Amino acid sequence: EDVFTAVEIFIDLAKDQAWEAFGRSILPNFVRAFELSGSVYGINEVGEIELKIDNDLAEKIEETKEILNPNESAYLLFFEAIGSLVGRKEKPKNTVRDVFVAFEDYLKNQTGKKDFSSAINDLDNQNLITSTQKSLLDKIYAYRSDSYGSTHAGNTTEPDEVDALWFIETVVAQLKLLDKRFNQHDNT
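Keep in mind that this is a model prediction, so the values were computed, not measured.

K.L.:
In this structure, what is going on with the side chain of Asn44? I would like to understand it.
P.N.:
When you line up the elements, Asn44 lands in the loop between β1 (41–43) and β2 (49–51). Classification of Asn44 by relative accessible area gives buried; the value is 11%. Polar contacts involving the side chain of Asn44 include one to the main-chain amide nitrogen of Glu48, which spans 2.9 Å. Looking at Asn44, its side chain comes within polar contact range of the side chain of Glu50, at 3.2 Å. Residues in contact with Asn44, not counting those within four places in the same chain, are Leu27 and Glu50.

Laid out in structure tokens, this is it:
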């Protein structure tokens, strides 16, 4: 984080002090250095370091807007968590926590239940999910609870950016599945 901050300060000063060199070589060289390093971060067009999200995940995240839109609190928390991760405003463990809380809020809203476990049991009882899907949703809850510092000091290591992206992609897949199930259930 300190190195990223130093790079951003240097880039910001270079924009002010050496505009011509900035566009011609400074920014492109930094961009290339990040690409060659295999970093999960890159530098955007204004010289800010951001987490890179591949196009497939970006499209999937975009699709969740329609799913979460009716639930304002879940929508806001989910997309604030994504923005904070991308913009390095929050630690990845906080993104895992916030994405889960948004997911839980969505499920509680959809089922009318008071907590995640009750909502999952309700989905299972209504045959909206299979036992394997229930198990997966329980594991998502367990990961959120067991990730070091995510909500409790657990047994696994603290999530990094790659873990947070995996968690987001996993939750997005579940949101899309459950949205389809709820729509099928409502139409029958």
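K.L.:
Any chance you could explain the side chain of Gln133 here in plain terms?
P.N.:
In this fold, Gln133 is placed in helix α7 (residues 131–146). Taking relative accessible area as the criterion, Gln133 reaches 17% and is therefore assigned buried. Discounting residues that sit within four places of it in the chain, Gln133 has contacts with Leu128, Leu177 and Arg181.

K.L.:
How should I be thinking about the packing of aromatic side chains in this particular structure?
P.N.:
Geometrically, a pair of aromatic rings is defined through the distance of the ring centres and the angle of the planes. Summed over the entire model, instances satisfying the criterion amount to 13 aromatic pairs. Judged by centre distance (5.6 Å) and plane angle (15 degrees), the ring pair of Phe116 and Tyr141 falls under stacked. Within this pair, whereas Phe116 is found in helix α6 (residues 116–125), its partner Tyr141 is found in helix α7, the two being separated by 25 residues in sequence. Take Phe116: its relative accessible area is 1%, and that puts it in the buried class. In this structure Tyr141 comes out as partly exposed when scored by relative accessible area, which is 32%. These aromatic residues form a ring-pair network of at least three members: Phe100, Phe103, Phe116 and Tyr141. Above the plane of the ring of Phe79 lies Lys65, whose end atom (NZ or CZ) is 5.8 Å from the centre.

K.L.:
Honestly, the packing of helix α3 (residues 55–68) against helix α4 (residues 72–86) in this entry has me stumped. Any pointers?
P.N.:
Interhelical geometry of α3 versus α4 gives an angle of 160 degrees and a closest axis separation of 9 Å. The orientation of α3 with respect to α4, classified from their angle, is roughly antiparallel. The handedness of the crossing between α3 and α4 comes out as left-handed. The residues of α4 that touch α3, namely those facing Ile61, Thr64, Lys65 and Leu68, are Glu72, Ala74, Tyr75, Phe78, Phe79 and Ile82. Tallied by class, the residues present in the contact of α3 with α4 amount to seven nonpolar, one polar and two charged.

K.L.:
Just checking my understanding: could you explain helix α8 (residues 161–186) for this structure?
P.N.:
At 3.6 residues per turn, the α-helix brings residues three or four places apart onto the same side. Its 26 residues place the ends of α8 37 Å apart at the C-alpha level, agreeing with the 38 Å of an ideal helix rising 1.5 Å per residue. Taken residue by residue, α8 has Glu161, Ala164, Leu165, Phe167, Ile168, Thr170, Val171, Val172, Gln174, Leu175, Leu178 and Phe182 as its buried positions. Sitting at the amino-terminal end of α8 is Asp160, which places a side-chain oxygen 3.1 Å from the backbone nitrogen of Val162.

K.L.:
Any chance you could explain unusual backbone geometry here in plain terms?
P.N.:
Trans peptide bonds make up the majority, and among non-glycine residues the majority have a negative phi. The phi angle at Arg88 is positive, at roughly 60 degrees, despite the residue not being glycine. Overall, Arg88 belongs to the buried group, its relative accessible area being 12%. You will see that Asn127, though not glycine, has its phi angle at about 60 degrees, which is positive. Relative to the assigned elements, Asn127 resides in the loop between α6 and α7. The exposure class of Asn127 is exposed, given its relative accessible area of 65%.

K.L.:
What exactly am I supposed to notice about the nonpolar core here?
P.N.:
In summary, soluble globular proteins display a tendency toward joint burial of nonpolar side chains. Within the largest apolar cluster, 48 residues are counted, with the highest numbers of intra-cluster contacts made by Phe78 and Leu107. Considering each element in turn, this core owes the most residues, nine residues, to α8. For Leu107, the contacting residues outside a window of four places in its chain are Gly112, Phe116, Ala119, Ile120, Leu123 and Leu178.

Rules used throughout
- Residues numbered from 1 in each chain as written.
- Predicted model: local features only at pLDDT ≥ 70, side-chain atom pairs only at ≥ 80, totals over all residues.
- Heavy atoms only, no water.
- Helix = DSSP H or I, 4+ residues; strand = E, 2+ residues; numbered from the N terminus.
- Buried < 20%, exposed > 50% of the residue type's maximum accessible area, 1.4 Å probe, protein only.
- Polar contact = N/O pair within 3.5 Å; in protein donor to acceptor, adjacent residues only side chain to side chain.
- Contact = heavy atoms within 4.5 Å.
- Phe/Tyr/Trp six-rings, centres within 6.5 Å; stacked < 30°, edge-to-face > 60°.
- Lys NZ or Arg CZ within 6 Å of the ring centre and 35° of its normal.
- Axes fitted to C-alpha atoms, helices over the stretch in contact; angles between N-to-C directions.
- Parallel < 35°, antiparallel > 145°, perpendicular 65-115°, else oblique.
- Left-handed = near helix turned anticlockwise from the far one by under 90°.
- Nonpolar A, V, L, I, M, F, W, Y, C, P; charged D, E, K, R; others polar.
- Expected span 1.5 Å × (residues − 1).
- Core = buried A, V, L, I, M, F, W, Y, C linked by side-chain atoms within 4.5 Å.

Just geometry here; none of it tells us what the structure is for.
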